[in-house]
Amino acid sequence: MAASVKLVYFVVLVMSAWSEVDGASECGNVSPDMEALTLIPCSSAVQDENASVSGSCCSQALNLVKNPACLCAVMLSNTVKSSGINPEIALTIPKRCNIADQPVGYQCGVYTLP
C-alpha cells in the first residue's frame, strides 16, 4: 500500500510540474518545477544533512550548480514545496558532493548557499 501511495504522489508531482514554459525560465526551456524532478536521486539527502549523497544525486547537483539562478528557482519551486524537501538542507548538497566552483554565498530567497 505504501509503495502505491508513493507512486501516486510521484505521478501527481510530475503532472503538476508538467507545464509548458512560455519563453525562457531561469532553467532555460524547462520549468523549475520540472527541473526539480531531477532531484529524485537526492530524496534522502534533501531530508537529512547527515545522510550520504549518492553519485547520481551529485551529478544532478552539478548540473544545477552551473546555473545558480536555476538552482534557486528549483529550490523555491512549487514542486519542492509540495514534496516536503527542506531547501536549507538541499542547498548543502553541492558542498557535500565536494563540487568545485559552487556559488558559495549565493542568495536563494531567504536561503544562502553554504
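Located above this text is the structure these notes cover.
Residues numbered from 1 in each chain as written. Predicted model: local features only at pLDDT ≥ 70, side-chain atom pairs only at ≥ 80, totals over all residues. Heavy atoms only, no water.

*Asks:* Just to check I follow, could you spell out the overall build of the protein for this structure?
*Replies:* Helix and strand counts for the protein stand at 7 helices and 2 strands. Reading the secondary structure of the protein in the N-to-C direction produces α-α-α-α-α-α-α-β-β. Long-range contacts, defined as pairs at least 24 residues apart, comprise 58% of the intrachain contacts of the protein with a sequence gap of at least 6. Split by element, the accessible area of the protein, about 6500 Å² in all, is 58% carbon and sulfur. (Helix = DSSP H or I, 4+ residues; strand = E, 2+ residues; numbered from the N terminus. Contact = heavy atoms within 4.5 Å. Areas by Shrake-Rupley, 256 points an atom, 1.4 Å probe, with all protein chains shown as cover.)

*Asks:* Just to check I follow, could you spell out the side chain of Q102 for this structure?
*Replies:* Looking at where Q102 falls in the secondary structure, it is placed in the loop between α7 (93-96) and β1 (107-108). Setting aside its immediate chain neighbours within four residues, Q102 contacts V65, P94, K95 and P114.

*Asks:* Can you help me understand the nonpolar core in this one?
*Replies:* If you look at soluble globular proteins, the nonpolar side chains tend to sit buried side by side. L71, V74, M75 and I93 are the most contacted members of the largest nonpolar core, which has 25 residues in total. Among the elements of the structure, α3 (55-65) and α4 (68-75) are those that each provide at least two residues to this core. Here L71 is in contact with L64, V65, L91 and L113, once residues within four sequence places are set aside. (Core = buried A, V, L, I, M, F, W, Y, C linked by side-chain atoms within 4.5 Å. Buried < 20%, exposed > 50% of the residue type's maximum accessible area, 1.4 Å probe, protein only.)

*Asks:* Looking at this structure, I do not really get α3. What am I missing?
*Replies:* Three- or four-residue spacings in an α-helix give side chains the same orientation, since the helix completes a turn every 3.6 residues. Among the residues making up α3, those that are buried are C57, C58, A61, L64 and V65. Relative to the axis of α3, the buried residues are bounded by an arc of 120 degrees and lie together on one face. The secondary structure elements touched by the buried residues of α3 are α2 (32-36), α4 and α7. (Arc of directions from axis to C-beta.)

*Asks:* Sorry, what's going on with α4 here?
*Replies:* With 7 of 8 residues buried, α4 is to be regarded as a mostly interior element. For α4, the full list of buried residues reads P68, C70, L71, C72, A73, V74 and M75.

*Asks:* I would appreciate a short explanation of the state of the cysteines in the present structure.
*Replies:* For the structure on display, the rule yields 4 disulfides. Across the disulfide, C27 is cross-linked to C70 (sulfur-sulfur distance 2.0 Å). The chirality of the disulfide connecting C27 with C70 is right-handed, given an S-S dihedral of about 100 degrees. Separated by 43 residues along the polypeptide, C27 in the loop between α1 (2-17) and α2 and C70 in helix α4 bring together distant segments of the chain. (Disulfide = S-S within 2.5 Å.)

*Asks:* Mind showing me how you'd approach the environment of L76 here?
*Replies:* Examined against the element boundaries, L76 turns out to sit in the loop between α4 and α5 (78-83). A sequence separation of 11 residues divides L76 from P87, and the C-alpha atoms of the two residues are 7.6 Å apart.

*Asks:* Looking at this structure, I do not really get unusual backbone geometry. What am I missing?
*Replies:* Trans is the prevailing form of peptide bonds, just as negative phi is the prevailing case for residues other than glycine. Its identity as a non-glycine residue notwithstanding, N98 has a phi of 55 degrees, on the positive side. Turning to its location among the elements, N98 is positioned in the loop between α7 and β1. Taking relative accessible area as the criterion, N98 reaches 67% and is therefore assigned exposed. Unusually for a residue other than glycine, D101 sits at a positive phi of about 60 degrees. Of note, D101 is situated in the loop between α7 and β1. For D101, a relative accessible area of 77% gives the class exposed.

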